[in-house]
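Architecture and fold: a report
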Amino acid sequence: MSKHKAPSVRQHMAWFHTWFGLFIGFLLFAVFWMGTLTVFDREFDRWMHPESRSIAGECCTLSPQQLEAVLMKARELAPESDNIRLRLPTERTPMTLIRIVEPDRSLKAYFMDPDTGKVVSNEHTLGGSGFFFPFHYKFNIAWKDVGYFMLGIAGLAMMALLISGIVLHRKLLAEFFVFRPKKHTVRSLLDLHNLSSVVALPFHFIITFTGLLIFFSIYFPWATLAAFDNDKAAAQKAMSGFINLPASGFIENTDQQLAALKSVPALVQAREAAWSQALGEPARADAINIRNLTDSNATLEIRRVFPARSIAMSTHADTLLLHTGALLHAHEPKPIKGFTHWINGLHFIQFDHAALRVLYVIGGLLGCVMIHTGFLFWLEARRVQHHKKKLPGFTVVQALTVGGTLGMMIATAAFLVANQLIPDHLNNRATVETWVFYGVWVGSIVWAFVNARKGRHLQIHAQAHRSSQWFAPTVAFTVLCALAWLLNQINTGGMVAAIRQGDMNSLAIDIGLLIMVASGIYTARKAVIKSSARQPAHSEALKCN
């Protein structure tokens, strides 16, 4: 009687790595792709909103007179509003952003030039920070925090897949130097999958771990509230310095409200001086929030969230009574919170360091390559077997791979093209842009399924798989990237105008589009060459059958 040997740990890990990677990989690709774009979200904002390029004062501070002018303009834009939020200029966003919460709780946003008083609405596009960024961390699903939990599941799976991958590949360092593009397709794909994994392994671990840690309080709210006897207000004050002072019911008159707004620049200067003295270096605010302006308990919140030359997010958040200038709370978090600020800053990458940001983009793209080649390896390794047994799994996975990976990239390029083509005066313009993205994405998935079903009836799938399923989407992505670049040159002057104006933000996006075009041309050309090379073999196989 023969004894069956129990599967080893590596065999169990191989099963887990294969099937969990297959089922969760589509979510992970969306996270990595959108995360890569989010590295330059502010630059996308600038590129997608050409009018904002004319709003740029001296980088990156406002004088007291300029800040007062901004506050007066905000009051003028929405005299009935009692909530005003300002995002002050930085090196990456050299413009002042005014956000006003209307009485009906709707949010209006404007860019303003404090020198000329020119105001430009920020509502005609979501841009990178309004679309790519929330898609990265919640898939743009706000209902009952479903998007956050989808991300949490994907993040935990990613950590497990990274660990199982390390266990599988015992010669981890050796695989750093192994890539055989001229070998059999399956071998080449596995080499590329391993290489992209190993090269960026530390980055993938850190970015996944920090991403999970950021939303810890959402996944486990009881763990945070337990330390504060379930007092949510106390928890917010201790962790972020947020104070929601209840309204007194006493309404200040118009003159008192205007006087309070005019006092804000002096209060901001005083808090910045206090921070600078404590740090021993210049420190400036980058966000100002005014709540309940019409009430005597109105508060002024002054924050320094993203220091330009520091990875760690800042802990400075001071709250004052607006009408008296009295300091209510100067936020001093516990040491552990200082550590999480560093972790959060490492993930959010809002610091101004172009070279490091480019490395983040390379790491993110390597993550996309790792996931995509994992799908391709699964397909190539099972293509013949699934065809002989007439199993539908190959067709489904192939279609989802094309639609879920390349389809998302095509939808992104279409989103940028729509931004250049849709008239500014169109109502709900930003919504139409998002419809274009989702419509193209769904259309890509449908096309992939239809095309995959056509290929099911071929005796040998290699040519159809490489030529039809991959060549057409690659060309579509390349053409859309080129069109987005060309339309920007026509509409705004493009790279020439950006260089003349010193607008490095818009120039970076144009350069990125050209890199995508070059990569697409190279990939499409390789697909055609491989397909042509296998044509004779395909013909011989048919004759033999």
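1. Focus: the overall build of the protein
Along the protein, the regular secondary structure elements total 19 helices and eight strands. Considering only contacts within the protein whose residues lie at least 6 apart along the sequence, 68% involve residues at least 24 apart. Accessible surface computed for the protein: about 27100 Å², of which carbon and sulfur atoms make up 64%.

2. So, the environment of Ile343
Its place among the elements puts Ile343 in helix α13 (residues 335–348). It is 8.9 Å that separates the C-alpha atoms of Ile343 and Gly211, two residues lying 132 residues apart in sequence.

3. Looking at the sheet that holds strand β1 (residues 83–87)
Taking strand neighbours across the sheet as the criterion, the eight strands line up as β4-β3-β2-β1-β5-β6-β7-β8 in an open arrangement whose pairing is antiparallel. If you trace the sheet from one side to the other, it starts and ends with β4 (119–121) and β8 (327–330), each paired once. On average, each strand axis in the sheet is tilted by 20 degrees relative to the strand beside it, whichever way the strands run. In this structure, β1 lies alongside strand β5 (residues 287–291), joined through four bridges in antiparallel fashion. Within the sheet, the bridge partner assigned to Arg87 lies in β5 and is Ala287. Each of β5, β6 (299–304), β7 (316–321) and β8 touches helix α12 (residues 254–279); the most contacted strand, β6, lies at about 40 degrees to it.

4. Things to note about the packing of aromatic side chains
Tallied over the entire structure, the rule returns 28 aromatic pairs. Relative to Phe139, the ring of Phe135 lies with its centre 6.2 Å away and its plane at 75 degrees, an arrangement referred to as edge-to-face. Looking at Phe135, the relative accessible area reads 2%, which means it is buried. Site record: aromatic cluster; members linked through ring pairs are Phe44, Phe131, Phe132, Phe135, Phe139, Phe415, Phe437, Tyr438 and Trp441.

5. Some details on the pattern of salt bridges
Inspection of every chain in the model, using the stated rule, returns seven salt bridges. For the salt bridge of Asp503 with Arg46, the shortest nitrogen-to-oxygen distance reads 3.8 Å. You can see Asp503 sitting in the loop between α18 (494–501) and α19 (504–544) and its partner Arg46 sitting in helix α2 (residues 41–48), a full 457 residues away along the chain. A single burial state applies to Asp503 and to Arg46, both of which are buried.

6. Structural notes on empty space enclosed by the protein
Evaluated as defined, the whole model comprises two cavities of 30 Å³ or more. What the largest cavity holds in volume is close to 460 Å³. As for the largest cavity, its lining consists of 27 residues, of which Val31, Gly35, His136, Ile207 and His347 are closest to the centre. When the residues that make up the lining of the largest cavity are grouped by side-chain class, the tally is 17 nonpolar, ten polar and no charged. The computed volume of the second largest cavity comes to approximately 30 Å³. Lining the second largest cavity we find Phe306, Pro307, Ser310, Ile311, Ala312, Met313, Gly345, Gln350 and Phe351.

7. Quick look at the pairing of β7
Of all six residues in β7, six are buried, a share of seventy percent or more. One ladder, built from six bridges, connects β6 with β7; its direction is antiparallel. The partner of Leu300 across the bridge, within β7, is Leu320. Here β7 pairs with β8 via three bridges, running antiparallel. The residue bridging Asp318 from the neighbouring strand is Ala330, located in β8. Counting the residues between successive antiparallel strands, the hairpin from β7 to β8 contains five residues, one of them, Gly325, with a positive phi of roughly 80 degrees.

What counts, and where the lines are drawn
Residues numbered from 1 in each chain as written. Predicted model: local features only at pLDDT ≥ 70, side-chain atom pairs only at ≥ 80, totals over all residues. Heavy atoms only, no water. Helix = DSSP H or I, 4+ residues; strand = E, 2+ residues; numbered from the N terminus. Contact = heavy atoms within 4.5 Å. Areas by Shrake-Rupley, 256 points an atom, 1.4 Å probe, with all protein chains shown as cover. Pairing = 2+ DSSP bridges. Axes fitted to C-alpha atoms, helices over the stretch in contact; angles between N-to-C directions. Phe/Tyr/Trp six-rings, centres within 6.5 Å; stacked < 30°, edge-to-face > 60°. Buried < 20%, exposed > 50% of the residue type's maximum accessible area, 1.4 Å probe, protein only. Salt bridge = Lys/Arg side-chain N within 4 Å of Asp/Glu carboxyl O. 1 Å grid on protein atoms, 1.4 Å probe; cavity = no way out; pocket = protein on both sides within 12 Å on 5 of 7 lines; lining within 4 Å. Points joined across faces, edges and corners; volume = space filled by probe spheres on them. Nonpolar A, V, L, I, M, F, W, Y, C, P; charged D, E, K, R; others polar.

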